[in-house]
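Single-letter residue listing:
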Amino acid sequence: MSDVRVASLHVYPIKGCRGLAPPVAQVTATGLSTQGAADREWMVVDPTGRFVTQRELPQLALVAVAADAAGLTLHVPGAAALTVPYAAAGSAMEVEVWRHQGRGLDAGEAAASWLSTWLGTPVRLVRFDRATPRACSPEYVGATSAHTLFADGYPLLVLGTASLTDLNARLAARGIGALPMNRFRPNVVLEGLPAYAEDHLETITIGDVTLRCVKPCTRCSVTTTDQTTTQVGLEPLRTLGEYRMDERLGGVTFGMNAVVARGAGHDIACGANVSVDYRF
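Residues numbered from 1 in each chain as written. Predicted model: local features only at pLDDT ≥ 70, side-chain atom pairs only at ≥ 80, totals over all residues. Heavy atoms only, no water.

**Student:** Where do I start with the side chain of serine 8 in this structure?
**Tutor:** Assignment of secondary structure puts serine 8 in strand 1 (residues 4-9). Residue serine 8 is classed as buried on the basis of its relative accessible area, which comes to 18%. A polar contact is formed between the side chain of serine 8 and the side chain of histidine 10, at a distance of 2.8 Å. Apart from residues no more than four positions distant in its own chain, serine 8 is found in contact with Asn187, Val188, Val189 and Cys270. (Helix = DSSP H or I, 4+ residues; strand = E, 2+ residues; numbered from the N terminus. Buried < 20%, exposed > 50% of the residue type's maximum accessible area, 1.4 Å probe, protein only. Polar contact = N/O pair within 3.5 Å; in protein donor to acceptor, adjacent residues only side chain to side chain. Contact = heavy atoms within 4.5 Å.)

Rendered as structure tokens:
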């Protein structure tokens, strides 16, 4: 029996907003899904269609998202909740995520007004238009035809609990309190691996599902944003920069991006046994 298990699963229906932590999630070609809500299927954009995240608007961290079979419900402190039916996505608009230019389906005026009021700047909510698929970088996924929705670049982010434990020990030596896993917005959290072992994994198999690790995840300023207070600091990037700098990728790395190699359509569950193959 494997000593590695799934510690937790995380789905972020709206890019930049709070995530869900279901006990079971469905694996699709574009990542995890729960209650009909796919990971990063929705996104907040500025009036030009350019994506916005906690990098520009840390207040997104306080937008809690619930999902059921009919749609999403958004909550923020001190305001009435907003319900966004899946069917609300209507007219198409051009959108940008990094260098990707594609289409999003606008969620309408009520969603735009609600989010604009909370964030203090004009924005709109869009749903990914699946009629215009978004391929992952062939440099890392090869000829697998892997694709994603509004994630930064890949369907899944995998992180080990031991890696965070090691980072927090380094922070503690500086008199800095431990950081929670939500700073790093993973999809699949594994326990039982040595610290940073995910750096060297080729595949991760959970029941009928096999994930293939394709690229270390370079980390941005979102990791320095307290997800409860929205206060932005220096850590963990300052500490990670001392021992996790990847000159080739031009940033500090923490966690591995992955694609679905086998098992799309199957479920994975917290507590499930995991088998791993290392890259040689």
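**Student:** What exactly am I supposed to notice about helix 1 (residues 109-119) here?
**Tutor:** Side chains that are three or four residues apart share a direction in an α-helix, a result of its 3.6 residues per turn. Of all the residues in helix 1, the buried ones are Ala111, Ala112, Trp114, Leu115, Ser116 and Leu119. Buried residues in helix 1 make contact with strand 5 (42-45), strand 7 (71-75), strand 8 (82-85) and strand 11 (124-128). Once helix 1 finishes, glycine 120 follows within two positions and takes phi at roughly 75 degrees, a positive value.

**Student:** What should I look at first to understand the packing of aromatic side chains in this one?
**Tutor:** Describing an aromatic ring pair means giving the distance of the ring centres and the angle of the ring planes. Going through the model one piece at a time under the given rule, you end up with six aromatic pairs. Seen from their ring centres, phenylalanine 184 and phenylalanine 254 are 4.7 Å apart, and the 50 degrees between their planes marks the pair as tilted. In this pair, phenylalanine 184 sits in the loop between helix 3 (161-172) and strand 15 (188-191) while phenylalanine 254 sits in strand 19 (residues 251-262), placing the two residues 70 residues apart along the sequence. Across the pair, exposure class does not vary: phenylalanine 184 and phenylalanine 254 are buried alike. Members of the aromatic cluster, connected to one another through ring pairs, are Phe184, Tyr196, Tyr243 and Phe254. Taking NZ or CZ as reference, arginine 170 lies 3.7 Å from the ring centre of tyrosine 243, over its face. In this arrangement the basic side chain of lysine 215 is found over the ring face of tyrosine 140, its NZ or CZ atom lying 5.5 Å from the centre. (Phe/Tyr/Trp six-rings, centres within 6.5 Å; stacked < 30°, edge-to-face > 60°. Lys NZ or Arg CZ within 6 Å of the ring centre and 35° of its normal.)

**Student:** I'm lost on the layout of surface pockets in this one. Help?
**Tutor:** Using a probe with the size of a water molecule, rolled over the atoms, empty space left in the structure can be pinpointed. Estimates place the volume of the largest pocket at around 1000 Å³. The wall of the largest pocket is formed by 36 residues, among which Trp98, Asp152, Gly153, Tyr154 and Thr218 lie closest to the centre. Counting residues per element, the ones that place at least two in the lining of the largest pocket are strand 12 (134-135), helix 2 (138-141), strand 14 (156-160) and strand 17 (209-218). Among the elements that make up the lining of the largest pocket, the one with the highest residue count is strand 17 (four residues). Residues belonging to the lining of the largest pocket are distributed by class as follows: 15 nonpolar, 10 polar and 11 charged. Roughly 200 Å³ of internal volume is contained in the second largest pocket. The wall of the second largest pocket is formed by 14 residues, among which Tyr12, Arg18, Gly19, Asn182 and Gln227 lie closest to the centre. (1 Å grid on protein atoms, 1.4 Å probe; cavity = no way out; pocket = protein on both sides within 12 Å on 5 of 7 lines; lining within 4 Å. Points joined across faces, edges and corners; volume = space filled by probe spheres on them. Nonpolar A, V, L, I, M, F, W, Y, C, P; charged D, E, K, R; others polar.)

**Student:** Hey, could you run me through the pattern of salt bridges in this one?
**Tutor:** Working definition: two side chains of opposite charge can pair if their charged atoms are close together. Across all of its chains, the model carries 15 salt bridges by this definition. Between arginine 130 and glutamate 41 there is a salt bridge; the shortest N-O distance is 3.4 Å. Separated by 89 residues along the polypeptide, arginine 130 in the loop between strand 11 and strand 12 and glutamate 41 in the loop between strand 4 (37-38) and strand 5 bring together distant segments of the chain. On the basis of relative accessible area, arginine 130 is assigned to the partly exposed category, the value being 47%. A salt bridge links aspartate 152 to arginine 55; the nearest nitrogen and oxygen atoms lie 2.8 Å apart. One end of the pair, aspartate 152, is in the loop between strand 13 (147-148) and strand 14; the other, arginine 55, is in the loop between strand 5 and strand 6 (64-67), and 97 residues separate them in sequence. Residue aspartate 152 is classed as partly exposed on the basis of its relative accessible area, which comes to 39%. Three or more residues are tied together by salt bridges with common partners; here these are Arg174, Glu235, Arg238 and Glu242. (Salt bridge = Lys/Arg side-chain N within 4 Å of Asp/Glu carboxyl O.)

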